[in-house]
Amino acid sequence: MNFIIIGAGGVGSFYGVKLLMQGHNVKFIARGENLKYLKNNKLKLTHPDFIFEDYLDVISINELKLVDVNSIDAVFIATKSMSTNEVSEKLSLWIKNKNKIPYFISLQNGVENEDKMANYLPKEFIIGGLTRLIAVHIIKQGFVEAVGEVQTILGSIKPTKHSQEFLEKLKIELDNANTTTILTNNIKLELWKKLIINNGVNAICALLEEKSGTLINKKETSILVYNLMKEAGLASHAVKVNISESDVDEMFELMKKFESIVPSMWVDKKNNRDLELDDICGVVIKNCEKQGLDAPYTRTIATILHMQYSKSRVKK
């Protein structure tokens, strides 16, 4: 199969490499210094189960117009959520007036990426996705480290017979790559479940600079994590996902068993990158407000992190 991976960071690199190792054709889209580096140097990606070190086929998003749309089976979007609109608009121009359209698979944080994509791309070709358990980090330019089991949940936004057949085929390929793929008929629910986990640990880990396992298992901070998760559960009712408090309780207990990780916001903070506060905490606050509710835990953690980080970035 032929794939394009937009975003050659941690998650994008991992999935692209896994597909490459299965013998598929994979073209990566990168930008800035990462693009320059990967055009001239090998990517090294390590996992307890394997080590990959080789050159990638990498282009800029402006070079996408040189790629034959008809030859591509799927495009994975693994960028930060704040770039979804820009990427989707460029993809819409790429597929304009084309007979064959690839599937567009989001592997991003947040619950609104698929809706943003649908403003530019045909809904029946949009697939929502999320990753569980794995932790992937860029150690330095050209070096990505991954640990943990890999689970991927995928589901069509507007299921068709063709999209379901494609997902079954993709599942076989990803499963063969020593990952576990779960297909769902309710991807929106799964995305919100991940948002609950993200809202529980992502921002607070970045603020306190502590791993997720430390905060969720320490008495004082576990109360904060639980209430952050609870507020995300309440927010889900604004979009009719309706995650119950007992669901949150179950997820909270499950998280105690997860591998302790450094979440993405802390990694971004370390590397002086933009934080996905609006796409995680902001979504929770907004959807609580729609119901006449506040999200005091989420608002407090997000506001302090934003102010603290803004000051440190100005100093740099």
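Residues numbered from 1 in each chain as written. Predicted model: local features only at pLDDT ≥ 70, side-chain atom pairs only at ≥ 80, totals over all residues. Heavy atoms only, no water.

Where we set the bar: UniProt positions are given in the numbering used here, feature names are shortened, and annotations may be inferred rather than shown by experiment.
You'll find the protein chain entered in an unreviewed UniProt entry as 2-dehydropantoate 2-reductase, with Malaciobacter canalis given as the organism. Its UniProt record gives the protein chain a comment under Pathway (unreviewed entry), which states: "Cofactor biosynthesis; (R)-pantothenate biosynthesis; (R)-pantoate from 3-methyl-2-oxobutanoate: step 2/2." Among the UniProt annotations of the protein chain, the heading Catalytic activity (unreviewed entry) holds the following wording: "(R)-pantoate + NADP(+) = 2-dehydropantoate + NADPH + H(+)".

### Focus: unusual backbone geometry
Here is the rule we go by: Secondary structure is summarised from DSSP: a helix means a run of H or I of at least four residues, a strand means a run of E of at least two, and numbering begins at the N terminus for each.
We note that Lys-240 has phi near 65 degrees; this positive angle belongs to a residue other than glycine. Among the secondary structure elements, Lys-240 is positioned in the loop between helix H8 (219-235) and helix H9 (245-255). Despite not being glycine, Asn-272 shows a phi value in the positive range, around 60 degrees. Counting through the fold element by element, Asn-272 comes out in the loop between helix H10 (264-270) and helix H11 (277-289).

### Here we look at empty space enclosed by the protein
One simple way to see leftover space: roll a probe sized like a water molecule over the atoms. As a reminder, the rule being used: In the cavity and pocket records, a cavity denotes points on a 1 Å grid over the protein atoms alone where a 1.4 Å probe fits but cannot get out, a pocket denotes an open set with protein on both sides within 12 Å along at least 5 of 7 lines, and lining residues are residues with an atom within 4 Å of a point. Grid points are joined across faces, edges and corners, and a volume is the space filled by probe spheres set on the points. Following the grouping adopted for this structure description, the nonpolar residues are Ala, Val, Leu, Ile, Met, Phe, Trp, Tyr, Cys and Pro, the charged ones are Asp, Glu, Lys and Arg, and the polar ones are all others, Gly among them.
According to the stated counting rule, one finds one cavity of 30 Å³ or more in the structure shown. If you trace the largest cavity, you find it lined by Ser-81, Asn-109, Gly-110, Val-111, Glu-112, Asn-113, Lys-116, Asp-279 and Val-283. Among the residues making up the lining of the largest cavity, the classes are represented as two nonpolar, four polar and three charged.

### Notes on the environment of Leu-275
Cut-off, in case you're wondering: Only heavy atoms enter the contact rule, under which two residues are in contact if any of them lie within 4.5 Å.
Inspection of the secondary structure puts Leu-275 in the loop between H10 and H11. In this structure the C-alpha to C-alpha distance between Leu-275 and Ser-260, which are 15 residues apart in sequence, comes to 20 Å. Excluding residues that lie within four positions of it along the chain, Leu-275 makes contacts with Met-82, Met-265, Asp-268, Lys-269, Leu-305 and Tyr-309.

### With respect to the UniProt feature "domain: Ketopantoate reductase C-terminal" (unreviewed entry) in the protein chain
Per the UniProt record, "domain: Ketopantoate reductase C-terminal" (unreviewed entry) is found at residues 186-307. Split by type, residues 186-307 is 72% helix and 0% strand. Its first and last C-alpha atoms lie 36 Å apart.

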